[in-house]
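Residue strings, one per chain:
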Amino acid sequence: LDYSQDPPRILSNYLVHAPKPFNAEPHLPLLVNAGLITPTDVFFKRNHGPIPDIRLEDHQVYIGVQGLDESQPVEWKALNMHDIMTRWPKATITASLQCAGNRREGLAQLKEVKGVIWKAGTISNAVWSGPRLCDILKDIAGVPEDLHNEMIRNYHVSFEADDHVKEDACYGSSIPLRKAMDPLGDVIIAYEMNGQPLTRDHGFPLRVVVPGYIGARSVKFLQKILVQPQESTSFFQRRDYKILPPWIDSSNVDTAWDTTVSLGEMNVQCVICTPMEKEIILCPKPVIVKGYAISGGGRAIYRVELSVDGGKTWEPVDKIEQTPDKISGMYWAWALWEKKVPKILTTSELVVRAYDSSGNMQPEFPIWNYRGVMNNAWFRVNNVTQM
Ligand code: MTE
Ligand code: MO
């Protein structure tokens, strides 16, 4: 794999875990201080291979339907970028992407895990624009609009990228067709991020944005969309992004993939971004503790609680900022919260936890799994040093 054509990045904004493929998370205080909308050059970057060098004028997206009889060939229809940008209304959605491996570090501390050892910055929030996938599938693939239709209940939409990775022929993934066709599901095919054309790192010229789902489903460099009776057969759908059971490790992992469900919606998550672990704080000034919280499936963050004594006593945070989508009313974007703590001591242990609108709360302790995904344990900050 050739990385010589990768784009430049502002490296000082990031903790870089690997240069090839480029995998980097923004520093936590920068992430939260940058505001509700993460600037593109601060947004986390997660890749499985080199960034493809695609020309807008040449790019084609192929759309097809695979029926139950797999011996029947798929009739592909091609759209160019002009079609994508002009044939359907342009929808604009503010949505956070979070990698399922966010906070993997917390699981790696318990037992060996496979994957990039991410800290808590593998999440960002942006404004995305492009046509709705439901409009395209209705017009080009003839998918019925009626959500009670049997096809909508049972089929999946798989996506393939125009990139090269070592695990498979290309990056790929799928979502249930019901998510794609749900008018309140807000799945779009984005060609803009934060009001600008997508940057190469974030999927130029076109990416899927699946709000409320783990980041892995938002396929970048989108080249193929296939409606089919089963999930994508891609490595990234079938052999990755699953919460394997606790008795599965590197010795027996191949026995468990087919019986473990693929991840879709995110779980409830909350992190302290500032102060950081072992940060030096000037006292006796009060400290503003800040962080993010998010849940999956468009569920709202309902409450955020902070403890300064390791979880013995809790108080609500002072302020939670979260805005639902203007049309669907769904909470696809993260919440930023803050709380003024009059005095932090060297012995204080800060802990945060959030509840979503379904009453889901984060677990007190991390739940180890071999792929190190979906760690949403209470977030703790220790060893803040006073000066
Ligand atoms: N799409 C392609 N083509 N290649 C990839 O490596 N990574 C996925 C997803 N889409 C990936 C991809 C994963 S695991 C995540 S978390 C998000 O993209 C990251 O999106 P970002 O790099 O824009 O932050
Ligand atoms: Mo990811």
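Just so it is clear, the structure is predicted and the values come from calculations on it, not from any experiment.

## A few points about unusual backbone geometry
Phase 1 of the analysis: A cis amide bond links Phe204 to the next residue, Pro205, at an omega of 5°.
Phase 2 of the analysis: Residue placement: Pro205 occurs in the loop between β12 (196-197) and β13 (207-209).
Phase 3 of the analysis: For the peptide bond that leads from Thr274 to Pro275, omega is 0°, which places it in the cis range.
Phase 4 of the analysis: Relative to the assigned elements, Pro275 resides in the loop between β15 (269-274) and β16 (280-281).
Phase 5 of the analysis: Phi angles above zero are rare outside glycine, and Asn383 is one such case at about 60°.
Phase 6 of the analysis: Relative to the elements of secondary structure, Asn383 occurs in the loop between β23 (379-381) and β24 (385-386).
Phase 7 of the analysis: Under the relative-accessibility criterion, Asn383 is labelled partly exposed at 42%.

## Observations concerning the site of ligand 1
Phase 1 of the analysis: If you check the shell around ligand 1, you find 19 residues, and the closest are Phe44, His48, His202, Arg207 and Lys220.
Phase 2 of the analysis: Residue His202 places a side-chain N or O atom 2.7 Å away from an oxygen atom belonging to ligand 1.
Phase 3 of the analysis: Ser218 has a polar backbone atom sitting 3.0 Å from a nitrogen atom of ligand 1.
Phase 4 of the analysis: Relative to its unbound accessible surface of 540 Å², ligand 1 loses 100% to contact with the protein.

## A word on a nonpolar patch on the surface
Phase 1 of the analysis: Residues Ile280, Leu282 and Met387 make up a contiguous nonpolar surface patch of about 340 Å² in total accessible area.
Phase 2 of the analysis: One can find Leu282 in the loop between β16 and β17 (287-294).

## Examining the sheet that holds strand β1 (residues 14-18)
Phase 1 of the analysis: Taken in spatial order, the three strands line up as β1-β2-β3 in an open sheet, and their pairing is antiparallel. Two strands lie at the open edges of the sheet, namely β1 and β3 (45-46), each paired on one side alone.
Phase 2 of the analysis: Across two bridges, the pairing between strand β2 (residues 23-26) and β3 is antiparallel. What sits directly across from Asn23, in β3, is Arg46.

## Examining the side chain of Asn369
Phase 1 of the analysis: Residue position: Asn369 is located in the loop between β22 (350-356) and β23.
Phase 2 of the analysis: Here the side chain of Asn369 touches Val373 through a polar contact of 3.1 Å, landing on its backbone nitrogen.
Phase 3 of the analysis: Those residues in contact with Asn369 that sit more than four places away from it in its chain are Leu107, Val113, Lys242, Ile243 and Leu244.

## Regarding the domain arrangement of the protein chain
Phase 1 of the analysis: Per the domain assignment, the segments making up the protein chain are domain 1 (45-234) and domain 2 (269-386).
Phase 2 of the analysis: Here domain 1 and domain 2 have C-alpha centroids that lie 29 Å from each other.
Phase 3 of the analysis: Taken residue by residue, the interface counts 31 residues in domain 1 and 30 residues in domain 2.
Phase 4 of the analysis: Buried area between domain 1 and domain 2, both sides added, is near 2,400 Å², and the carbon and sulfur share of it is 56%.
Phase 5 of the analysis: On the domain 1 side of the contact with domain 2, Arg103, Leu107 and Lys114 bury the most area, a combined 27% of that side's loss.
Phase 6 of the analysis: At the boundary of domain 1 and domain 2, one finds zero salt bridges.
Phase 7 of the analysis: Here domain 1 and domain 2 share 18 residue pairs in polar contact (both at pLDDT 80 or more) between them.
Phase 8 of the analysis: Of all the secondary structure elements, the ones that give two or more residues to the side of domain 1 that touches domain 2 are β6 (91-98), α3 (105-108) and β7 (123-130).

Analysis parameters
- Within every chain, residues take consecutive numbers counted from 1 along the sequence as written.
- All chains are assigned letters beginning with A, and all ligands numbers beginning with 1, in the order in which they are written.
- In keeping with the model being predicted, local features are shown solely for residues with a pLDDT of at least 70 and side-chain atom pairs are shown and tallied solely at 80 or more, while totals for entire chains, interfaces and linings include all residues.
- Working from all heavy atoms in the structure, the side-chain values ignore hydrogens and water.
- A helix here means a DSSP run of H or I that spans at least four residues, while a strand means a run of E at least two residues long, and both kinds are numbered starting from the N terminus.
- Relative accessibility under 20% of the residue-type maximum defines a buried residue, over 50% an exposed one, and the middle range a partly exposed one, all with a 1.4 Å probe and only protein chains included.
- When at least one non-hydrogen atom of a residue lies within 4 Å of a molecule or strand, that residue is treated as near it.
- Polar contact criterion, stated in full: a pair of N or O atoms within 3.5 Å, where within protein one must be able to donate a hydrogen and the other to accept it, and residues adjacent in sequence count only if both atoms are side-chain atoms.
- Each accessible area is a Shrake-Rupley estimate made with a 1.4 Å probe; only the visible protein chains count as cover when residues are assessed.
- In this scheme, patches are assembled from residues that exceed 30% relative accessible area and form no salt bridge. Like charges are connected within 9 Å, while nonpolar side chains (Val, Leu, Ile, Met, Phe, Trp, Tyr) are connected within 5 Å.
- Whenever a carboxyl oxygen of Asp or Glu lies within 4 Å of a side-chain nitrogen of Lys or Arg, that contact is scored as a salt bridge.
- Pairing between two strands is assigned when DSSP locates at least 2 bridges connecting them.
- Working rule for contacts: check all heavy atoms of both residues, and any pair within 4.5 Å makes them a contact.
- By convention here, the domain bounds are inherited from an automatic or database domain assignment.
- Take the accessible area each of two parts loses on contact, using a 1.4 Å probe, and add the two losses: that sum is the buried area.

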